Amino acid sequence: MRLATRRAIYFARRLALAAASICAIFGLVVVADYCAAAQEQSSAPFYAGSQACAGCHAAETAAWKGSHHAAAMAVATKDSVQGDFSGAAIETRGSTGKFFQDGDRFVVETEGRDGKTGRFEVSHTFGVEPLQQYLVTFPDGRLQALPWAWDTRPKEAGGQRWLHLYPDRPMPSADPLHWTRSMQNWNFMCAECHTTGLRKNYDAVKDRFNTSFFESGVGCESCHGPGPGHVAWANGGRDGSVANKGFVSVHARREHVDWSPDPKTGSPTQAAARPIGDEVELCAHCHSRRGQISEDWRPGRPLTDTHMPALLTQELFEDDGQMKDEVFNDQSFKQSLMYARGVNCSDCHDSHSGRLKASRTEVCSQCHQADRFSSAAHTGHQSGPKAPDCVSCHMPARTYMVVDERHDHSFRIPRPDLSATLGAPNTCNACHKDKSAEWATQAIERWHGPRRKGFQTWAEGFHKVRLGEPAARELLLKLANDPMTPAVVRATAVNEAQRLPSNSVEQATIKALNDADPLVRIAALRALRPSSPINQRWRRANSLLSDPVKAVRLEAAVALADQSVEALSSEERARLEAAWAEYEASQKLNADRPEGRANLAGFLLRRGKPAEAEAEYLAGLRLEPSAAPLSVNLADFYRAQGKEVESEKALREAILLSPDAAAAHHALGLSLIRQKRYSEAIVELGRATELAPGEARFSYVFIVALNSLGQEKEARAAQGQALRLNPFDPQLLQLELQDALQIQDAKRAASVARTLAELAPDDAGIAQLATSLEKLQ
């Protein structure tokens, strides 16, 4: 680095610190343009900047300048701010906002972290269409996203208004979703995908951020990687022998493929192999639901080298894989036949403008015969301005953030039959709201026959396992063992199958440890329970400590956290300790998060470091005192240490801040039982079942406690309700079996025993009991 550059960065940082001090003294949140400049300049040596690309790539630069990527984030000025700051005001469920200007500054008057109304200066705009959010920079380096957004749509479309992003719920200042708290923190939640060249730079000791970025918005180097080497190559004669034209790395290129449609089917027949670190992985860097484990992303690397992608969990996706929560397309697309055939994002979207290459159906007709697929024979609708098109039927939409409509990218065949049997949404009834799913199913079958089910066939397995049905086991094993099933589905199948343990599930899990896809290996590693023998876990997982993919190594480190190093060879010990160090570093990257602290605490506890684990739990609760799951973990830590008083105190503090936290009430009930305070305990255990009636474990413990206290009538009522909600829970079924045997109800006992035998197919004893009871009927 040149000395002049070092001095410039030094003085810029000093100015930023001085500005923060002034802000703190006067109690007003202010950020000047030079503060943003200081943030951007600190990454200067590693990036060239988008302006450096314009000389050679004028057309691409022009397209990019009009994109949402370019406008992803900007310093708040009269040119970037679109909202009405002329004194407009809004009130939503007790939260108020007033928007005005003070000279060149844009100010919002709303409730702060202390619940009192304050004035906060907007430092940055965030996004541009269909809504624009606003950020406030605090003296400790935190940038927080305000709850109020400006609807940028035309007025005739319902826009040009202020809206609250959580209109359906009150938002008190203690709520983790309040705009001043952790779930609305830009530095962690948003920054990586709205800036170029980001470094979070969280100081865990001081609980402060010195987050830096080279460029606001998603610039050229966000996708192409740092560009100084390429600029030097372009200005230095363009030597053909220089690898990657001077870039450190580039994304892997797809082989040539002909997407011309086959006249017989109207769709392409060719497919292309998908190389590791390809274009889709590049886009998935931001367009996926994932957690960050490293800041060293570069094009050409698999996503799992720097991020931990989410599986198709019940909280994020429908049982058939349709998006439910905000998942940003990658996991959806990777379920599609198009992804399996080798289709890339840029086959439909222009890489630089981000826009579709053509309008809706015209994009599809690049590869699919338009006449065939727009005909009434295919759509079941007569052509016309109101007729559905490819997007309407194959990319169902959901609305997020009140006005932001997004399309599912799994390109699925409409399945109203799954709505009728499993409750999954379908695109037919999204339009025909006055009709039933059965009506839509009959229509589809008239047009295309009953067997036209499409590529995605995992809805039944995921639906049944989430109900606890033993019939799900074979469906999941079929998915997990089928190499033609998308990897994200196979990984989810391995994960979900653990709900139905058996020898066959164990064998499928062992096989998945060697799967070609890292996401499947990750799911298999997570299935290695800490309660299983460590020598068995070591035998199965130790080779993955040196896996080429970082996320896999981290999961192997967690699976083997309690492995003693004494009996290992020097090579084995080195691999294990290296993976442990990587895992700790990945969690320290997220030391600003209560969940990061909780993860590290659990890891350190298994490593035999209780004092360090306790420190992490306490640090996490200082970050977010209302993080009830963290309090439950801390209380359990104290329980294991024999500190029951401290355990109870931690739980009561959690309930005070989060009174609806069912797990905290349940844990407090257990603590009170251990203290022989039974009447208090039963109240807490009962409250847990009221707050989480579908949580079978809470119900089981409550029922046992009621029986132990002689409250048999109440226990029977609770047991009946719990079984209605959880008819396949083994513990609840064992209670039911005991009751049936006690009153000599052979028919009921036989039915329950048979279900238990299906849940535990390798248990010869329960199978024999079921057979014996059936003979007594």
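About the cut-offs
- Residues numbered from 1 in each chain as written.
- Predicted model: local features only at pLDDT ≥ 70, side-chain atom pairs only at ≥ 80, totals over all residues.
- Heavy atoms only, no water.
- Helix = DSSP H or I, 4+ residues; strand = E, 2+ residues; numbered from the N terminus.
- Rg over C-alpha atoms; globule rule 2.2 N^0.38 Å.
- Buried < 20%, exposed > 50% of the residue type's maximum accessible area, 1.4 Å probe, protein only.
- Areas by Shrake-Rupley, 256 points an atom, 1.4 Å probe, with all protein chains shown as cover.
- Phe/Tyr/Trp six-rings, centres within 6.5 Å; stacked < 30°, edge-to-face > 60°.
- Lys NZ or Arg CZ within 6 Å of the ring centre and 35° of its normal.
- Core = buried A, V, L, I, M, F, W, Y, C linked by side-chain atoms within 4.5 Å.
- Contact = heavy atoms within 4.5 Å.
- Expected span 1.5 Å × (residues − 1).
- Arc of directions from axis to C-beta.
- Pairing = 2+ DSSP bridges.
- Axes fitted to C-alpha atoms, helices over the stretch in contact; angles between N-to-C directions.
- Disulfide = S-S within 2.5 Å.
- Parallel < 35°, antiparallel > 145°, perpendicular 65-115°, else oblique.
- Left-handed = near helix turned anticlockwise from the far one by under 90°.
- Nonpolar A, V, L, I, M, F, W, Y, C, P; charged D, E, K, R; others polar.

Participant: Would you mind going over the overall build of the protein chain with me for this structure?
Facilitator: The number of helices and strands found in the protein chain is 35 helices and 18 strands. The globule rule puts the C-alpha radius of gyration for 777 residues at 28 Å, and the 29 Å found for the protein chain is close to it. With the principal axes as the frame, the protein chain shows a C-alpha extent of 90 × 70 × 65 Å. Counting only residues that meet the buried cut, the protein chain has 49% of its 777 residues in that class. Total accessible area computed for the protein chain in this model is approximately 37500 Å², and 53% of it derives from carbon and sulfur atoms.

Participant: I tried to follow the packing of aromatic side chains on my own but got confused; where do I start?
Facilitator: Two numbers describe a pair of aromatic rings. These are the distance of the centres and the angle of the planes. Under the counting rule described, the total for this entry stands at 20 aromatic pairs. When the ring of F99 is compared with that of W148, the centres are 6.3 Å apart and the planes differ by 85°; the resulting orientation is edge-to-face. Here W148 lies in strand β9 (residues 148–151) and F99 lies in strand β3 (residues 95–102), a separation of 49 residues in the sequence. With respect to class, F99 is no different from W148; both count as buried. In textbook terms, an aromatic cluster arises when at least three aromatic residues are bridged by ring pairs, as seen for F85, F99, F106, Y134, W148, W150 and W162. Directly above the aromatic system of W439 lies the positively charged group of K435, at a separation of 5.5 Å from the ring centroid. The ring centre of W580 lies 3.7 Å from the NZ or CZ of R607, which sits over that ring.

Participant: Even after reading the chapter, I still don't get the nonpolar core, so can you show me in this structure?
Facilitator: Taken as a class, soluble globular proteins show a tendency for nonpolar side chains to be buried jointly. Grouped together as the largest cluster of nonpolar side chains are 109 residues, with contacts concentrated most on F462, L525, L576 and L737. Setting aside chain neighbours within four positions, we find L576 in contact with W538, L545, L560, Q563, V565 and L568. One finds F85, F106, V122 and Y134 within the second-largest nonpolar core, a separate group that totals 18 residues.

Participant: Help me understand helix α28 (residues 644–657) in this model?
Facilitator: An α-helix turns once every 3.6 residues. As a result, residues three or four positions apart point the same way. For α28, which comprises 14 residues, the first-to-last C-alpha distance of 20 Å matches the rise-based estimate of 20 Å (1.5 Å per residue) to within 8%. Residues E644, S647, E648, A650, L651, A654 and I655 constitute the buried set of α28. For α28, the angular spread of buried residues about the axis comes to 160°, placing them on one side. Every exposed residue of α28 that faces more than 90 degrees away from the buried side is listed here: V645, K649 and L656. Check the buried side of α28 and you find it contacts α27 (628–640), α29 (662–674) and α30 (678–691).

Participant: Would you mind going over the sheet that holds strand β5 (residues 117–121) with me for this structure?
Facilitator: Strand pairing in a sheet relies on backbone hydrogen bonds, with the paired strands running either antiparallel or parallel. Strand order in this open sheet of four strands is β2-β3-β4-β5, and the pairing throughout is antiparallel. Every other strand in the sheet has two partners, leaving β2 (88–92) and β5 as the edge strands with one partner each. Recorded for the sheet is a direction-independent mean angle of 20° between the axes of neighbouring strands. For β2 and β3, the ladder comprises five bridges, and the chain directions are antiparallel. Note that in β3 the partner of A88 across the bridge is F99.

Participant: Looking at this structure, how should I read the state of the cysteines?
Facilitator: Evaluation of the coordinates by the stated rule reveals one disulfide. Paired by a disulfide, C193 and C286 hold their sulfur atoms 2.2 Å apart. One disulfide, between C193 and C286, carries an S-S torsion of -100° and so falls in the left-handed class. Taken together, the positions of C193 in the loop between α4 (186–189) and β11 (195–196) and C286 in the loop between α7 (279–284) and β15 (290–292) put the pair 93 residues apart, joining distant regions of the chain. Free of any disulfide, C220 has its nearest neighbouring cysteine sulfur in C53, separated by 3.7 Å. Of all cysteine sulfurs in the structure, the one in C283 sits closest to C223, which takes part in no disulfide; the separation is 6.6 Å.

Participant: Whenever I open this one, the packing of α28 against α29 confuses me. Can you help?
Facilitator: To characterise two packed helices, one gives the angle between the axes of the helices and the distance between these axes. Interhelical geometry of α28 versus α29 gives an angle of 150° and a closest axis separation of 9 Å. The orientation of α28 with respect to α29, classified from their angle, is roughly antiparallel. The handedness of the crossing between α28 and α29 is left-handed. Contacts from E644, S647, E648, L651, R652, A654 and I655 in α28 reach A664, H665, A667, L668, S671, L672 and R674 in α29. Split into classes, the residues belonging to the contact of α28 with α29 amount to seven nonpolar, three polar and four charged.

Participant: So what exactly am I meant to see when it comes to unusual backbone geometry here?
Facilitator: Glycine aside, negative phi is the norm for most residues, and most peptide bonds take the trans geometry. With omega at 5°, the peptide bond leading from E129 into P130 counts as cis. By secondary structure assignment, the location of P130 is in the loop between β6 (124–126) and β7 (131–137). Even without glycine at this site, Q744 takes up a positive phi of about 60°. Of the residues examined, Q744 reaches a relative accessible area of 72% and is grouped as exposed.

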